[in-house]
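Here are the chains, one letter per residue:
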Amino acid sequence: MSTDPSTPNPRWQVSDTVYTTDSVPTHQRLAYWRAALSRTFAPVAVAVSDEVCAGTIRTSRLGHLRVAAVDGEPMSARRTPQPTAPDQEERLVVTLVVRGVAVVLQDGREAHLRPGDIVLCDTARPLRIEFPHPFETKSLVVPRRLLGLEESDLRRLTATPIHADTTAGSLLGPFLAQLVDSAATYPSATGVALARHVVDLLTVLIEERLHQQAGDAPSAAREMLARIQVFIDRHLADPDLTPEAIARAHQISVRYLHKLFQTEDVTVSRWIQRRRLQECRRVLARREAAGRTIAAVARQWGFTSPAHFSRVFRDVYGMSPVEWRDSAARTPRAVGVPAP
């Protein structure tokens, strides 16, 4: 563990770091606190109610992810429109409010959070967070590329609270709290393995939430869309799975099929490609995939061109299928952690 009472180091050379204003001169605390928050999440402008700023951030690496526990005094943090630095990834921050209350504003929405509530924030776009009272939060910072989400999907998720009394909230809240508290105790290899499962779990929860948000469509259309999505999953391996074939199988027009998928903010073809990529990614993460060729896995899930598959896989996940498979083969399985 490292406790850093000076300006935070941007290179993140340690896996567990504590930033605290306790030993920082009063007149330097606001600048220090702003730098600590910026290094942990993304560059932000910070305002406090008076000149005395106090807080502590405990942050740890977990594979490609970062976790952070923040304990601070009342403040306002604002992420203004600005280009992402070349050495900085765009991130999705999943935050659990442990103590105090918070107001999050992003993408035209305003979320009011109480202890136990969770919210997702996208650091790539303007954001404002208000903490009117002393607060404590626990956050998971995920590179956006690992989730493979469309920009339109991200905009539907931000500043939309997941309350503690919902099924998702009651499951994700305790898990996130324990993950943040224990991340620094894991050996590096275990942390890498656990991070892969965390990304898979988060992807499932996000997909479920996006489906729930489609609930404003008429009931008949919603049921039709669900049936079509099940049909697509059953026929992913068919290279001839096209919008025309799907519409013909359900006795609807191609135009109406595209209209149904407008509630998902994605085209039919892109939905098929996304599901195929997710299945390929899952298969390649298995230990037994080490003996299979990338082309064989691609064909198994309906990709006819290995080159095209490799290109779209890298575009979505930020690494080649070979790199993904090889990293999974090198990662020791964490005890008690299920396979992806």
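Residues numbered from 1 in each chain as written. Predicted model: local features only at pLDDT ≥ 70, side-chain atom pairs only at ≥ 80, totals over all residues. Heavy atoms only, no water.

A. Representation of the overall build of the chain. Scanning the chain for helices and strands turns up eleven helices and twelve strands. Burial status across the chain gives 48% buried among its 340 residues. Put simply, of all contacts in the chain between residues at least 6 apart along the chain, 70% involve residues at least 24 apart. (Helix = DSSP H or I, 4+ residues; strand = E, 2+ residues; numbered from the N terminus. Buried < 20%, exposed > 50% of the residue type's maximum accessible area, 1.4 Å probe, protein only. Contact = heavy atoms within 4.5 Å.)

B. Region of interest: the pairing of strand β10 (residues 118-122). Along β10, five of the five residues are buried, which leaves the element largely enclosed by surrounding structure. The alternating pattern of β10 places I118, L120 and D122 and V119 and C121 on opposite faces, both of which are buried. When strand β7 (residues 91-99) meets β10, the two strands line up antiparallel, connected through five bridges. Considered in β10, the bridge of L92 is made with D122. (Pairing = 2+ DSSP bridges.)

C. Structural detail: helix α10 (residues 306-317). With twelve residues, α10 ought to run about 16 Å at 1.5 Å a step, and its terminal C-alpha atoms sit 16 Å apart, in line with that. The positive-phi residue at the C-terminal boundary of α10 is G318, with phi of around 80 degrees. (Expected span 1.5 Å × (residues − 1).)

D. Examining the environment of A159 more closely. With respect to the helices and strands, the residue A159 is situated in the loop between α2 (151-157) and α3 (167-182). According to the relative accessible area criterion, A159 is buried, its value standing at 3%. Separated by 51 residues in sequence, A159 and G108 have C-alpha atoms that sit 8.6 Å apart. Among all residues touching A159, those that are not within four sequence positions of it are V104, Q106, R109, A111, V119 and L120.

E. A look at the side chain of R276. By the element assignment, R276 lies in helix α8 (residues 268-284). The residues touching R276, leaving out its near neighbours within four places in the chain, are L236, D238, P239, L241, W301, G302 and F303.

F. Structural detail: the environment of V312. With respect to the helices and strands, V312 occurs in helix α10. Each C-alpha atom, one on V312 and one on Q273, is 8.8 Å from the other, the two residues being 39 residues apart in sequence. The contact partners of V312, leaving out residues within four places of it in the chain, are Q273, L277 and F303.

G. Layout of the packing of aromatic side chains. Within the structure shown, the criterion is met by six aromatic pairs. With a centroid separation of 5.8 Å and 70 degrees between ring planes, the pair formed by F261 and W271 is classed as edge-to-face. On the criterion of sequence distance, the pair formed by F261 in helix α7 (residues 254-261) and W271 in helix α8 is long-range, its members being ten residues apart. Using a relative accessible area of 0% as the deciding quantity, one classes F261 as buried. Note on W271: relative accessible area 4%, which makes it buried. With a centroid separation of 5.0 Å and 50 degrees between ring planes, the pair formed by F303 and F309 is classed as tilted. Of the two residues, F303 and F309, both sit in the buried class. Ring-pair connections join several aromatic residues into one group, and the members of that group are F303, F309, F313 and Y317. (Phe/Tyr/Trp six-rings, centres within 6.5 Å; stacked < 30°, edge-to-face > 60°.)

H. Structural detail: the pairing of strand β8 (residues 102-106). Of all five residues that make up β8, four are buried, and the element is covered over most of its length. Relative to strand β9 (residues 109-113), β8 is paired through five bridges, and the arrangement is antiparallel. Each bridged residue has a counterpart across the sheet, and for A102 the counterpart in β9 is L113. Linking β8 to β9, which pair antiparallel, is a turn of two residues; within it D107 sits at a positive phi near 55 degrees. Summarising the sheet, β8 and strand β11 (residues 127-131) pair through three bridges and their orientation is antiparallel. Bridge pairing in β11 links L105 to R128.

I. Region of interest: the confidence of the model for the chain. For the chain, per-residue confidence averages 84 on the pLDDT scale, and 86% of positions sit at 70 or higher. pLDDT under 50 marks residues 4-14. Its contacts with residues more than four places away, or in other chains, come to 25 contacts. Across residues 333-340, confidence stays below pLDDT 50; counting only partners more than four residues off in sequence or on other chains, it has 14 contacts. (pLDDT = per-residue confidence, 0-100.)

J. Quick look at the packing of α8 against α10. Where α8 meets α10, the closest approach of the two axes is 11 Å, and the angle between their N-to-C directions is 90 degrees. Relative to α10, α8 is oriented roughly perpendicular. Counted together, Q273, L277, Q278, C280, R281 and L284 of α8 and H308, F309, V312, F313, V316 and Y317 of α10 form the full contact between these two elements. Classifying every residue of the contact of α8 with α10 gives eight nonpolar, three polar and one charged. (Axes fitted to C-alpha atoms, helices over the stretch in contact; angles between N-to-C directions. Parallel < 35°, antiparallel > 145°, perpendicular 65-115°, else oblique. Nonpolar A, V, L, I, M, F, W, Y, C, P; charged D, E, K, R; others polar.)

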